[in-house]
There are 2 protein chains.
Amino acid sequence: MAEDTREDETILADPLPAEDGAHPDDRVDDERHDEENRLKPDFVRAVRAALEDGDDTAVYDLVEPLHPADIADLLELLERDDRRELAAAITDLMSSEVIAELNDYVREDMMEALPPGAVAAIAEQLETDDAVQLIEDLGPAEQRAVLDALDAEDRAAIESALAYPEETAGRLMSRDFVAVPEHMTVGDLIDFLRDEGNLANDFWEVFVVDHAHHPVGSCALSWILRTPRSVALTDVMKRDQTLIPVTMDQEEVALMFQKYALISAAVVDASGRLVGQMTVDDVVHIISEEAGEDVLLLSGAGDGDINEPIRDAYTARVRWLIANLGTALVASFIIAMFGAAIEEMVALAVLMPIVASIGGNAGTQTMAVTVRAIAINQLTEANTGRILWREMRVALLNGATVAVVLGAATAAIFSPALGAVIAVAMVINVAVAGLAGVLVPVIFERLKQDPAVASSVFVTMITDSMGFFAFLGLAVASGIAG
Amino acid sequence: MAEDTREDETILADPLPAEDGAHPDDRVDDERHDEENRLKPDFVRAVRAALEDGDDTAVYDLVEPLHPADIADLLELLERDDRRELAAAITDLMSSEVIAELNDYVREDMMEALPPGAVAAIAEQLETDDAVQLIEDLGPAEQRAVLDALDAEDRAAIESALAYPEETAGRLMSRDFVAVPEHMTVGDLIDFLRDEGNLANDFWEVFVVDHAHHPVGSCALSWILRTPRSVALTDVMKRDQTLIPVTMDQEEVALMFQKYALISAAVVDASGRLVGQMTVDDVVHIISEEAGEDVLLLSGAGDGDINEPIRDAYTARVRWLIANLGTALVASFIIAMFGAAIEEMVALAVLMPIVASIGGNAGTQTMAVTVRAIAINQLTEANTGRILWREMRVALLNGATVAVVLGAATAAIFSPALGAVIAVAMVINVAVAGLAGVLVPVIFERLKQDPAVASSVFVTMITDSMGFFAFLGLAVASGIAG
């Protein structure tokens, strides 16, 4: 399996040879990065101190050795005012890569401080997809002003991207790709690539197109390099391609790249013409975002970006707190129904939050599993029944275990009758939690809603209400209170 | 910005030309896939029916047109017994790609049903990294039996990978890469690639190494293809590389690939020798897993994989329910302290869960934001203070808003005094929730613990206890009860 070009070295025989002193990696273990490749706090403090002293030369010398992605990280770590000062002190280091790597909110904030001409000058340095990201967040008037300041070709490219809905392939694709006609040989292609000065910066595949510019196949560069010049491209190309429709949602694009292990893929319009390509390095950010956003959505934290303006974070979160207030009132109403029982036996008030809390926790567990399985296309109509049955069995096991522990403790401290009541209530509530934890997200998915957005509120309402109702209701029905 | 090889076509001018009838993509819109590229339930039902009829030819005909990744999806959607029947019916379609794409639990379960010789035969077809995944999940005795059945070269490769800790670059890297000496020209390299029959399947970069096999630079294939044959590799290679230490944790590897937009990277041992490469298509799975696991960990759902055996799901989840029982007892203890007040005024029992519930929700919001920011290296020591202050301001705004609504409603329904008490308790609890939501995960991170694992239990304990304590305590202190 192993491949090595030098026969005298056996890489496999000795995976951990003795240290010979030299350390290979200057990017991980240097004086600016910690062991997790984050900028060290001391380094950030030094930059901050130099900015405060107004010592632009010191600032420049500190920042100059950094990779553009690290300069972006540094800007994000600084306060707002320091960011602008830093950008002013290192103008020639503020490359398009830095801008492209910046957090959306930080970039937007920094761009709003610049005149449209300056934003346009930055946009012209960027790849179309990055320029679109830069411009799409601006207000309509600023957007217009920046577009007007661009040269005609760039403006047309960006406007055509902006014509597609947000978060679709059309917005995200690169218009920078290599497409060649079917009649070429490997040799023709290599000559073409050598002669053509104005090629895409990085490309991993060459697309072969027919007379109508429909992609008919693709050639990985590694195949081209190992094939004799005389071979026709149509003999070496892969015909079975994954084509991305230009209107496809970014989440689906990300899942396609994952599922088929793609490095790049052709983007086609409604008539099947090749209009762009997506490469995996752009998709990687989407994969991370889409996979990470569920935890934020389920908790009701909106975008959950620490760089989001405070007023946006406030409005995103307070909505869910108010919604939660509504559902908590339902639970309170149920408690109020049993007011007489609680007055008679205050132990009920002491114990009732336990039943609700464990139920809520069990519901959250099942809901998280369900939402994640839906997000990665593992849970579909074809296996919903089986997964529901699976989760019910886990819930019954969990409910029984907790019921035994809590029932025994309650029996010892209060009374055996109360222990029995709380144990039965516990099993009921954890079983209901399991049911709700699967069904609520599945129903949202069937209604074409994102299950991560509102499932939490409903599951919590169900487990809280059922927890109080089962416990207090059983206490009254069994005659031990009320 | 746009690049097109045919001057007569202007891709940019017409992003959405009229339909011309042909549909470009057979993989997305066929009779087997729905619009989200999942296998249609009808298709899965047809396969299931054919399996039940024992009609292996029908099964084969149905499955044959599928991509290996879709065959893996199909296996995951079926019940356990059907999986084994399907695998038996389509043996020659069960390629290494299918095995590599399978969910870990499903693969493990299917492998356990096979004799070691059969597992070894499959492992020999796989790339080393996929073979390691296959073998690392087996029990020690089965692992030994499979290793013994492998040929010597493959066994050595897999054993050397297994010598590294789980979830490190050493386990995940491919030993299949192209490395060439410094003295080569572009022409030498192309000739070498054409002549060498036994090359890595797919590669995107060629590594240039010195006499001690230390990587000194890398050449993207697109640079090689556009450079004249006479140019020396050392003149075209990129010297500034991101090297992955062989012991680096997969989460850090994934963050490196994201941060520096890598397609492939050299993996080096402690002495700086090139021992493998990682490519982005392998890293993509890790990115998705690592980003997605926080929602499962925070909810206490363990691995949270719907294919996990029920007993594993049970033990993973019940631990957290029992832990939650412990923290709920703390809250109960606080309620018990105020038993007399509740007996006197049952409205306290009705309202107290609201204060705890909203506090819990606010704490979960802040905690989710904090855990996510830590996971993507956005929250470090350098900006913790600023983020804490930001979250406190959001919490105070949220607390004040909810307090006004809840206070007014309580004043109208019960009494103005109780409304004032619940409003103040609400502000206190949401502020405490904001503080705990940042500090608990940050403290776990400083203690080198994964903040997603146990933060939830502590934050919930704090917000529950503080909710009951603030509300009941203020009610007693203000003299309206107890």
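None of the values given here were measured: they were computed from a predicted structure.

Participant: Quick question: what am I supposed to make of the overall build of chain A here?
Facilitator: The helix and strand inventory of chain A stands at 22 helices and 6 strands. Against the globule reference of 23 Å for 482 residues, chain A gives a C-alpha radius of gyration of 30 Å, more extended than a compact globule. Overall, chain A is about 90 × 60 × 60 Å in size when its C-alpha atoms are taken along their principal axes. Within chain A, the fraction of its 482 residues that count as buried is 59%.

Participant: Please clarify how the side chain of Asp-210 of chain B should be interpreted in this entry.
Facilitator: Residues and elements named next belong to chain B. One can find Asp-210 in the loop between β2 (205-209) and β3 (215-220). Overall, Asp-210 belongs to the buried group, its relative accessible area being 13%. In this structure the side chain of Asp-210 is engaged in a polar contact, spanning 2.9 Å, whose partner is the backbone nitrogen of Ala-212.

Participant: Looking at this structure, how should I read the sheet that holds strand β5 (residues 264-268) of chain B?
Facilitator: By way of backbone hydrogen bonds, the strands of a sheet pair with one another, either parallel or antiparallel. Residues and elements named next belong to chain B. If you trace the 3 strands from one edge of the open sheet to the other, you get β4-β5-β6, paired in mixed fashion. Because the sheet does not close on itself, it has two edges, and the strands there are β4 (244-245) and β6 (274-279). Taken together, the 5 bridges between β5 and β6 define a ladder with antiparallel strand orientation. Looking at the pairing, Ala-265 lines up with Met-278 of β6.

Participant: I'm lost on the interface of chain A and chain B in this one. Help?
Facilitator: The accessible area lost on association of the parts is a frequent measure of interface size. Contact residues are listed per partner, giving 185 residues for chain A and 184 residues for chain B. Of the roughly 16,600 Å² buried between chain A and chain B, counting both surfaces, carbon and sulfur atoms make up 59%. Run the count over chain A and chain B and you get 12 salt bridges. Here Glu-35 of chain A and Lys-448 of chain B are joined by a salt bridge, their closest N and O atoms 3.3 Å apart. Ranked by residues supplied to the side of chain A that touches chain B, first place goes to helix α19 (residues 347-375) of chain A with 17 residues.

Participant: Looking at this structure, I do not really get the relation of the copies chain A and chain B. What am I missing?
Facilitator: Note on the chain copies: they are related by a rotation about an axis and a translation along it. Of the transformation placing chain A onto chain B, the axial shift is 0.0 Å and the rotation is 180°, giving an RMSD of 0.0 Å. Look at the turn and shift together and you get a two-fold axis relating the two. The share of interface residues of chain A whose copies in chain B are also at the interface is 99%, consistent with both copies meeting through the same surface.

Participant: For this particular structure, what's the right way to read the UniProt feature "transmembrane region" (unreviewed entry) in chain A?
Facilitator: All names here are of chain A. What UniProt calls "transmembrane region" (unreviewed entry) maps, in this numbering, to residues 320-342, 348-374, 395-414, 420-444 and 456-481. Here residues 348-374 runs as 100% helix and 0% strand, with 39 Å between its end C-alpha atoms. Along residues 456-481 the backbone is 85% helical and 0% strand, and the end-to-end C-alpha distance reaches 33 Å.

Participant: Just to check I follow, could you spell out helix α7 (residues 116-125) of chain A for this structure?
Facilitator: For an α-helix, 3.6 residues make a turn, and residues three or four places apart therefore share a direction. All names here are of chain A. Among all positions in α7, only Val-119, Ala-120 and Ala-123 are buried. Summarising the axial view, the buried residues of α7 lie within an arc of 100°, below the 170-degree limit, and thus occupy one face. Contact partners of the buried residues in α7: α6 (104-112), α8 (128-136) and α9 (140-149).

Participant: What exactly am I supposed to notice about the UniProt feature "domain: CBS" (unreviewed entry) in chain A here?
Facilitator: What UniProt calls "domain: CBS" (unreviewed entry) maps, in this numbering, to residues 237-295 of chain A. For residues 237-295 of chain A, the end-to-end C-alpha separation is 41 Å, with 44% helix and 22% strand making up the annotated structure.

Rules used in this analysis
Per-chain numbering applies: the sequence of each chain, read as written, is numbered from 1 onward. By the order in which they are written, chains take letters starting at A while ligands take numbers starting at 1. pLDDT decides what is reported in this predicted model: residues at 70 or higher carry local features, side-chain atom pairs at 80 or more are listed and counted, and totals for whole chains, interfaces and linings draw on all residues regardless. Excluding hydrogens and water, the side-chain figures rest on all heavy atoms present in the structure. Secondary structure elements follow DSSP: runs of H or I of four or more residues count as helices, runs of E of two or more count as strands, with numbering from the N terminus. In this setup the radius of gyration rests on C-alpha atoms only. A globule is expected at 2.2 Å times the number of residues raised to 0.38. Exposed residues in this analysis have more than 50% of their type's maximum accessible area, buried residues have under 20%, and partly exposed residues fall in between, with area computed by a 1.4 Å probe over protein chains only. Polar contacts, as counted here, are pairs of nitrogen or oxygen atoms within 3.5 Å of one another; within protein the pair requires one atom able to donate a hydrogen and one able to accept it, and residues that are adjacent in sequence qualify only if both atoms are side-chain atoms. Should DSSP find at least two bridges between two strands, the strands are taken to pair. Two residues qualify as a contact provided that any one of their heavy atoms is within 4.5 Å of a heavy atom in the partner residue. Accessible-area loss on putting two parts together, using a 1.4 Å probe and summing over both, is the definition of buried area adopted here. Salt bridge, as used here: a side-chain nitrogen of Lys or Arg that lies within 4 Å of a carboxyl oxygen of Asp or Glu. For the least-squares superposition of copies, only C-alpha atoms count, and only for residues with pLDDT at least 70 in both. UniProt positions are given in the numbering used here, feature names are shortened, and annotations may be inferred rather than shown by experiment. It is the directions from the helix axis to the C-beta atoms that the arc portrays.

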